[in-house]
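A look at the structure
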Amino acid sequence: MADARNPGAAGAAAKCPICGRRSEPAHRPFCSVRCADADLGRWLTGAYRVPGPPADPDDPAWHEDNPVRKSGGDLDPEDGLG
């Protein structure tokens, strides 16, 4: 029976979502830093995407004059956005 504080204690060992090897507690849910970095790289390059319709071009959040979309990414506290 699994312990409430450690739900996977009695079940099968968790597998790394990248390579399928046994997950290590220090890198959970991955088996190593290498697999954790590979997963991060997939997020940063856009390999993981949420399916859905394309962004609405009429949405004000996507307009070029939106301070969040301007290069540099710095927000002015006076804008009320930061």
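Below, the structure is looked at part by part. (Residues numbered from 1 in each chain as written. Predicted model: local features only at pLDDT ≥ 70, side-chain atom pairs only at ≥ 80, totals over all residues. Heavy atoms only, no water.)

Locating Cys 19 in the fold gives a position in the segment before helix H1 (33–45). Classification of Cys 19 as partly exposed rests on a relative accessible area of 36%. Sequence-wise, Cys 19 and Ser 32 are 13 residues apart; in three dimensions their C-alpha atoms are separated by 9.9 Å. The contact partners of Cys 19, leaving out residues within four places of it in the chain, are Cys 31 and Cys 35. (Helix = DSSP H or I, 4+ residues; strand = E, 2+ residues; numbered from the N terminus. Buried < 20%, exposed > 50% of the residue type's maximum accessible area, 1.4 Å probe, protein only. Contact = heavy atoms within 4.5 Å.)

Position of Phe 30 among the secondary structure elements: in the segment before H1. In the structure, Phe 30 is positioned 11 residues away from Cys 19 in sequence and 8.5 Å away in space, judged by C-alpha atoms. Here Phe 30 is in contact with Cys 16, Pro 17, Ile 18, Ser 23, Glu 24, Cys 35, Ala 36 and Asp 39, once residues within four sequence places are set aside.

What follows is about the environment of His 27. As for its placement among the helices and strands, His 27 is situated in the segment before H1. Classification of His 27 as partly exposed rests on a relative accessible area of 28%. The spacing of His 27 and Cys 16 is 11 residues in sequence and 9.4 Å in space, taken between C-alpha atoms. Aside from chain neighbours lying at most four places away, what touches His 27 is Ser 32 and Val 33.

Put plainly, a disulfide is one covalent bond tying together the sulfur atoms of two cysteines. For the structure on display, the rule yields zero disulfides. Cysteine Cys 31 remains unbridged, with the sulfur of Cys 19 as its closest cysteine sulfur at 3.5 Å. Taking the relative accessible area as the measure of exposure, Cys 31 reaches 10% and is therefore buried. (Disulfide = S-S within 2.5 Å.)

By the definition in use, this model includes one aromatic pair. Aromatic side chains Trp 43 and Tyr 48 sit 4.8 Å apart centroid to centroid with 65 degrees between the ring planes, which places their arrangement in the edge-to-face category. Taking relative accessible area as the criterion, Trp 43 reaches 54% and is therefore assigned exposed. For Tyr 48, a relative accessible area of 29% gives the class partly exposed. (Phe/Tyr/Trp six-rings, centres within 6.5 Å; stacked < 30°, edge-to-face > 60°.)

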